[in-house]
Amino acid sequence: SERLQVVATTTLVGDVVAQVGGELIELTVLLTPGADPHSYQPDPQDLAAASRAGLIFINGLGLEEFMTGLLESAGISAAPVSVSDGIQPLQLSEGGGEEMYEDDHSGQDPHVWTDPNNVLIWVDNIEGALAAADPANAEAYAANAETYRQSLRELDSWVREQVGSVAVENRRLVSDHLIWGYFAERYGFTQVGALIPGYSTSAAPSAQELAALEDAVRAQGVKAILVGNEINPALAQRLAEDTGIELVFIYSGSLGGQGSGVESYLDYIRYNVNAVTAALA
């Protein structure tokens, strides 16, 4: 009669797992709201939760570099479930205009959640894993999953409506790191570049890279720079001051805390799309 013990890494993954698992699971989310998944280090409580878990869900695509050490320390041999399995990952030069960084950075883009259509694939993977681990409740997981899929389809339609208010020539994105590739590809934006020219916030830009980005901002008429909730905004403020563009705070790798209004994945997309379209319209 005990609920299935489940662990999720990020708040974004955790929220989607919660939508599918509902009251049938007992969920522990390792990262707290505002924590940066690129630099997170697990603590003893995380090891204990992982050792008890019947299932561990991760984003995958290299986002959670800490998981290898966590699994070894917790003595877990079973592979975690990557919710992003089946999503065709973008490479660095495919996210919409980052070619200036291609020679120095490579790899797959793990930020698949910026496109709600990718989260539909998350739901499929989560439902399948929960049903396999707890077949007695497979029908309930399937019902929860279908209800949430409908919410995601409605969200995608809403995003398309909001994006329609932004002129095509203004659909140019600059952010703190390269997070918006999937969003850009789906909804007709160009990801011009980022302060940190890579997929991880742990990298550091050179003076030459910053100068190249400022030149690109001016040349392409970029109107705003997007800064995530877990990033120090100092570098972005400097770029905004140097180029005269607007600084827009959004949520990137994490949901907001309690009372933030960004406590679910659906809230996350709505907040960010409203912020982006207001800045670029």
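Use the structure listed above.
This section reports on the structure supplied with the text.

Cut-offs applied
Residues numbered from 1 in each chain as written. Predicted model: local features only at pLDDT ≥ 70, side-chain atom pairs only at ≥ 80, totals over all residues. Heavy atoms only, no water. Pairing = 2+ DSSP bridges. Helix = DSSP H or I, 4+ residues; strand = E, 2+ residues; numbered from the N terminus. Axes fitted to C-alpha atoms, helices over the stretch in contact; angles between N-to-C directions. Contact = heavy atoms within 4.5 Å. Parallel < 35°, antiparallel > 145°, perpendicular 65-115°, else oblique. Nonpolar A, V, L, I, M, F, W, Y, C, P; charged D, E, K, R; others polar. Core = buried A, V, L, I, M, F, W, Y, C linked by side-chain atoms within 4.5 Å. Buried < 20%, exposed > 50% of the residue type's maximum accessible area, 1.4 Å probe, protein only. Right-handed = clockwise from strand over helix to strand, strands pointing away.

**A look at the sheet that holds strand β5 (residues 172-177)**
Stage number 1. Within the open sheet, the 4 strands sit side by side as β6-β5-β7-β8. Their pairing is parallel. Both outer strands of the open sheet, β6 (190-196) and β8 (246-249), are each paired with one neighbouring strand and no more. When the angles between neighbouring strand axes are averaged without regard to direction, this sheet yields 30 degrees.
Stage number 2. As paired strands, β5 and strand β7 (residues 224-227) are joined by 2 bridges and run parallel to one another. The partner of V174 across the bridge, within β7, is I225.
Stage number 3. Sheet contacts for helix α7 (residues 207-220): β5 and β6; angle to β6, the most-contacted strand, approximately 150 degrees.
Stage number 4. The strands touched by helix α8 (residues 234-243) within the sheet are β5, β6, β7 and β8, with β7 carrying the most contacts at an inclination of about 175 degrees.

**Topic: the environment of L235**
Stage number 1. Within the element layout of this structure, L235 appears in helix α8.
Stage number 2. C-alpha of L235 to C-alpha of L210: the two residues are 25 residues apart in sequence and 9.5 Å apart in space.
Stage number 3. When near neighbours in sequence (up to four residues on either side) are disregarded, L235 contacts L195, P205 and L210.

**A closer look at the sheet that holds strand β4 (residues 81-82)**
Stage number 1. Across the sheet, which stays open at both edges, the 4 strands sit in the order β2-β1-β3-β4 with parallel pairing between neighbours. At either margin of the open sheet sits one strand with a lone partner, and together these are β2 (25-29) and β4.
Stage number 2. In this sheet, β4 lies alongside strand β3 (residues 55-58) in parallel orientation, the contact comprising 2 bridges. Paired with F57 across the two strands is V81, which belongs to β4.

**A few points about the packing of helix α4 (residues 116-133) against helix α5 (residues 138-163)**
Stage number 1. As a packed pair, α4 and α5 sit with axes 9 Å apart at the nearest point and diverge in direction by 175 degrees. If you check the angle between α4 and α5, you find them roughly antiparallel. Contacts between α4 and α5 involve P116, N117, V119, L120, V123, D124, E127, L130 and A131 from the former and A138, Y141, A142, A145, Y148, R149, L152, L155, D156 and R160 from the latter.
Stage number 2. Residues belonging to the contact of α4 with α5 are distributed by class as follows: 13 nonpolar, 1 polar and 5 charged.

**Notes on the nonpolar core**
Stage number 1. Judged by nonpolar contacts, the single largest core of 56 residues is most densely connected at F57, W122, L130, Y265 and Y268.
Stage number 2. Contributions of two or more residues to this core are made by β1 (4-8), α1 (11-21), β3, α4, α5, α6 (181-187), β7 and α9 (265-280).
Stage number 3. No other element matches the 9 residues that α9 contributes to this core.
Stage number 4. Look past the residues within four positions of L130 in its chain and what remains in contact with it is L4, V6, V20, G21, I25, L55, F57 and Y141.

**Structural notes on unusual backbone geometry**
Stage number 1. Located in the positive-phi region is L61, a residue other than glycine, with phi close to 60 degrees.
Stage number 2. Mapped onto the secondary structure, L61 falls in the loop between β3 and α3 (67-73).

**Some remarks on the pairing of β8**
Stage number 1. Alignment of β7 against β8, held across 4 bridges, turns out to be parallel. Looking across to β8, one finds that A224 is bridged to E246.
Stage number 2. In the classification by handedness, the crossover that spans β7, the intervening α8 and the parallel β8 is right-handed.

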